[in-house]
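Geometric and topological summary
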Amino acid sequence: MDNVLFAFGLTLFAGLATGIGSAVGFFAKRTNTKFLATALGFSAGVMLYVSFVEIFVKARIALTGELGPVAGTWATAGAFFGGMLLIGIIDRLVPTIENPHELHGVEELRDAKIDPRSHPLFRMGVFTAIAIGIHNFPEGLATFTAAMTDPTLGIAIAVAIAIHNIPEGIAVSVPVYYATGDRKKAFLYSFSSGLAEPVGAGIGYILLLGFFNNIVFGVLFAMVAGIMVFISLDELLPSAQKYGEHHLSIYGLAAGMAVMAVSLMLFL
């Protein structure tokens, strides 16, 4: 039970980082593009390294132990690409105009002139919050699963996803604030969109509780690896580069991989 509560706590922390993004948007004087590019690159580095070096390997060990070396390896690869397919389908179901990948700067919140006709912006903000919630659902399951299996791994993934959620919080709060002029409402929508992560963890826990075994663990872990690789390549690195700091995002990626490698070796 302690493990379950710890895993839920990490998932909640990662999800509610969208609220941090919203708060940054309201209190920062300007967008620190260098910091965001480096941080997003760092997050991608953590996710990529841990997916290929740790999560995928553990999934293959579990599945080959149950199914044999050939079938287990095929099952691991299939689940890995199945995870990528799942998050890819979710991504495609979100209309482009309302996709949370659209970046915003905190400068957009300065001296915003509220137009009574700006209700479409409010709609955009609401749909962005919903879209981010949909994206966060499998992320919550990934964080929870990792934390339940390996708390150290869970912490690393939670921090990486939390960093990734900060710009998403800005993406929700900017259009809502433009449309309503209400800082509290903009923060609330942004903050609430992150709740999808602990909800995803809870649903996953309830569904898997009764029949969790090595095969289910292996398949789920391989899917988690696929989901995180897709997020890194489709969201984190492109977002970092949209801030105009290509090299910094790559430096951050290398630093994230190095920090993750050292942290894993310290617990050998």
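Going by the structure above, here's the rest.
Presented here is an overview of the structure given in this document. Treat the numbers as computed from the prediction; the structure is a model and nothing was measured.

The rules behind each value
- Residues numbered from 1 in each chain as written.
- Predicted model: local features only at pLDDT ≥ 70, side-chain atom pairs only at ≥ 80, totals over all residues.
- Heavy atoms only, no water.
- Phe/Tyr/Trp six-rings, centres within 6.5 Å; stacked < 30°, edge-to-face > 60°.
- Helix = DSSP H or I, 4+ residues; strand = E, 2+ residues; numbered from the N terminus.
- Buried < 20%, exposed > 50% of the residue type's maximum accessible area, 1.4 Å probe, protein only.
- Arc of directions from axis to C-beta.

Turning our attention to the packing of aromatic side chains. Enumeration over the complete set of coordinates arrives at six aromatic pairs. Measuring from ring centre to ring centre gives 4.8 Å for phenylalanine 8 and phenylalanine 144, while their planes differ by 45°; the resulting arrangement is tilted. Pair noted here: phenylalanine 8 is in helix α1 (residues 2–15) and phenylalanine 144 is in helix α5 (residues 119–149), with a separation of 136 residues, a long-range link. On the basis of relative accessible area, phenylalanine 8 is assigned to the partly exposed category, the value being 23%. Their ring planes at 90° and their centres at 5.5 Å tell us that phenylalanine 56 and phenylalanine 80 sit as a pair that is edge-to-face. One end of the pair, phenylalanine 56, is in helix α3 (residues 33–67); the other, phenylalanine 80, is in helix α4 (residues 69–93), and 24 residues separate them in sequence. Overall, phenylalanine 56 belongs to the buried group, its relative accessible area being 18%. Aromatic ring contacts, followed pair by pair, group Phe52, Phe56, Phe80 and Phe81 into a single cluster.

Let us look at helix α7 (residues 183–193). Residues three or four positions apart in an α-helix share a direction because the helix packs 3.6 residues into each turn. Among all positions of α7, only Ala186, Ser190 and Ser193 are buried. Axial view of α7: buried residues confined to an arc of 65°, hence all on one face. In α7, the exposed positions that point more than 90 degrees away from the buried face belong to Lys184 and Leu188.

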